[in-house]
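# Observations on the three-dimensional arrangement
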Amino acid sequence: MIPLVIVGSLELPEGAQAAWLDEALDAGTYQDWPDDTPLIRGESEGAFETVGDLLSLLEELEAPSFFELTSQGVQAFLTPDASEDVSQDLATALRLAERHGGKGLIGFIAISEEVACALPIGEGTGLNSPTWMPAGEALAPEVIALPFIAVMDYVRALESDPDLTRAEFLAERRGLGMLPLTEQPLHQTLLKELSELDSGALHRAIEEAEVVDIEGHPLSDTHTSAAALSQAIEGAAPDVRAAAIELLSLMSPDTTLERAVELLKDPSRQVRRHAVMALGNVPADDAFEQLLQLDHDSLDADPVLQGLLREAVEHSSAPSADERVLEHMRSHAEEQSWNGAARGTPERTSLARRAALALEHAAARLGEKIAPALENWFEKHPHEEFRRAVARALADVQPDLDEKKQEAIQLALMGMGRGANQDEARRLALLGIPHGNYSSGILRFHDIDGKQLGALIDEGFAHPDMAQNEAPSIGLFLEWMQRHPELKASGYLIPPTRPDYRVSLDALTLGDLGEIPEERRAELQELFDALEETATNVEPEGYALRCWWT
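Notes on the structure in this doc start here. (Residues numbered from 1 in each chain as written. Predicted model: local features only at pLDDT ≥ 70, side-chain atom pairs only at ≥ 80, totals over all residues. Heavy atoms only, no water.)

Every buried residue of helix H20 (residues 371-380) is accounted for by Ala-371, Leu-374, Trp-377 and Phe-378. In an axial view of H20, the angular spread of the buried residues amounts to 125°, which keeps them on one side of the axis. Facing away from the buried side of H20 by more than 90 degrees, the exposed set consists of Pro-372 and Lys-380. Close packing links the buried residues of H20 with helix H17 (321-331), helix H19 (346-366), helix H21 (384-397) and helix H22 (403-413). (Buried < 20%, exposed > 50% of the residue type's maximum accessible area, 1.4 Å probe, protein only. Helix = DSSP H or I, 4+ residues; strand = E, 2+ residues; numbered from the N terminus. Arc of directions from axis to C-beta. Contact = heavy atoms within 4.5 Å.)

In structure tokens form, the structure reads like this:
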């Protein structure tokens, strides 16, 4: 069973909704559902007679599941049980909207599996039928990416407060997490300064700059005239109050820097987003340096802020921006700092994040100008995390490379080849293999434990997302082996001489189910029962369990 985030756009002509709701709901209406997929494959228990019956049930989903269909599109989260019960019928129902002039694109995103089903409705989406693809590819269109981020904000909020209702979350979101205005004198000052500006010029400026709210909707569409904007400023409307620093940066950038820096620490995530954009609007080197030195670790919790920071860096008109972004990139390539941070440590992880961000910003701002330096680092830098970050930057820059180099970059992005630790002697030592005999093209290893697998991942030899054909990912192997130390994994090594140099896992084994403590026995049996659905070979022998993927 798989939890799903379901988001996207759906537009119905005025007056068409009633006829759509009356449509008979039958998954067999369409014959082009994908085969052999986690969900959305044309199989339904037929529990709902019409589209309306299904949508009525979805309005009463048990928390934390929810389904919302508005003029802005679809936002939903389904727990595994809810997903199993209604995902196929929902996919069918949404497709039936095209019979009544409906158009749109919906993503069914299996967040635990990092895959998604892109569901086209009507024409103009570029797809002719439901298509499974990597989640990152499905999230490329803004109509899916922006609401996905909004739904994941709710999912993350549940992790810290499992009793949080959807209604409570939305109420807090409307307030944008800001403290009462009386407790934030800087907010008061910014609103006062906005109220003294020419409202017509301000409205034209936010329209031209395409300033958006937390949902990605233009503020100029919400406050459609100068008078409406003035009223929102006077009433301290949350969206305008949060955006105040960015609005002022459009009209009076020389007064922005210090206050934008202060607002980078504001309790409201949306205020922090606008502060980043404000810094990007200030044509001064000091403002640009603030962007480059932003707390990189804090960005991981807010993918929207990461995108806004990249945009601000890319478009800044600071006089020395090009030179500074180059210097910043080069400083993160210095081998001394990498040599001093052991693999698998938080220090190393932080170093890799900062380097990746510096390279991303340089690629966004300078494009192919940095390609020669990137290619040199890709071949010669001694640390695989940096080479992987370089590969991502090269993919963004897209220089004119031969087919062999392009393949090497793609493999590195997947944790293979130059994206993996090249210390073959250490790799063999971790596996307890005395000699690297690759006479058959690969080198098999057998029955490693969770400690060995964890070391392979921590030291950069194995990538958690790597999977051998239909086998589970290496990260899942590790998760199971840490929870159940009795499990062993087997697989093979690809030699360093090949461009797809890597560690692959293709078997999971339990020596004796009877020796497992009773409280964990059923869980392990369920795990192997589930794995048998994709395994090429299943070899139980007495109380021993084994799944093997070819």
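Text resumes after the structure shown.
Further remarks concern the layout of surface pockets. Considering only enclosed or pocket space, the second largest pocket measures out at about 480 Å³ in volume. The wall of the second largest pocket is formed by 25 residues, among which Ala-82, Ser-83, Glu-84, Asp-85 and Val-86 lie closest to the centre. Broken down by element, the residue count for the lining of the second largest pocket peaks at nine residues, all from helix H3 (residues 80-96). (1 Å grid on protein atoms, 1.4 Å probe; cavity = no way out; pocket = protein on both sides within 12 Å on 5 of 7 lines; lining within 4 Å. Points joined across faces, edges and corners; volume = space filled by probe spheres on them.)

Further remarks concern the packing of aromatic side chains. Within a pair of aromatic rings, the relevant descriptors are the distance that separates the centres and the angle that separates the planes. Under the definition given, this model contains seven aromatic pairs. Aromatic side chains Trp-377 and Phe-386 sit 5.5 Å apart centroid to centroid with 75° between the ring planes, which places their arrangement in the edge-to-face category. The same class applies to Trp-377 and to Phe-386, which are both buried. Arranged with centres 6.2 Å apart and planes meeting at 80°, the rings of Phe-477 and Trp-549 form a pair that is edge-to-face. Residue Phe-477 is located in helix H25 (residues 474-483), and its partner Trp-549 is located in the segment after strand S11 (545-548); the two are separated by 72 residues in the primary sequence. Accessibility classification places Phe-477 together with Trp-549 in one group, the buried group. Joined through ring pairs, the aromatic side chains of Phe-66, Tyr-154 and Phe-169 make up one cluster. The side chain of Arg-166 reaches across the aromatic face of Phe-66, ending 3.8 Å from its centre. Residue placement shows Arg-546 over the ring face of Trp-548; its charged tip is 5.0 Å from the ring centre. (Phe/Tyr/Trp six-rings, centres within 6.5 Å; stacked < 30°, edge-to-face > 60°. Lys NZ or Arg CZ within 6 Å of the ring centre and 35° of its normal.)

Quick look at the pairing of strand S4 (residues 103-110) now. Within S4, seven of the eight residues are buried, which leaves the element mostly enclosed by the surrounding structure. Pairing of S4 with strand S5 (residues 115-121), which is carried by seven bridges, proceeds in the antiparallel orientation. When the bridges of S5 are listed, Ile-106 appears paired with Leu-119. The turn linking S4 back onto S5 is made up of four residues, and Glu-114 within it adopts a positive phi angle of 60°. (Pairing = 2+ DSSP bridges.)

Our next topic: the nonpolar core. Ranked by internal contacts, the top residues of the largest apolar core, which has 73 residues, are Leu-247, Leu-359 and Leu-374. A total of nine residues in this core trace back to one element, the largest contributor, which is H19. Once residues within four sequence positions are removed from consideration, Leu-359 is found in contact with Met-329, Leu-374, Trp-377, Phe-386, Ala-389, Val-390 and Ala-393. Listed in part, the 42 residues of the second largest apolar core include Leu-456, Leu-510, Leu-531 and Ala-535. (Core = buried A, V, L, I, M, F, W, Y, C linked by side-chain atoms within 4.5 Å.)

On to the sheet that holds strand S1 (residues 4-11). A sheet is described by the order of its strands in space; here six strands give the open sequence S2-S3-S1-S4-S5-S6, paired in antiparallel fashion. Looking at the sheet topology across the chains shown, the edges are occupied by strand S2 (66-70) and strand S6 (131-134). Each strand axis lies, on average, 15° off the axis of its neighbour in the sheet, ignoring direction. Bridge analysis of S5 against S6 gives four bridges, and the strand direction is antiparallel. Residue pairing across strands places Ala-116 opposite Met-133, the latter belonging to S6. (Axes fitted to C-alpha atoms, helices over the stretch in contact; angles between N-to-C directions.)

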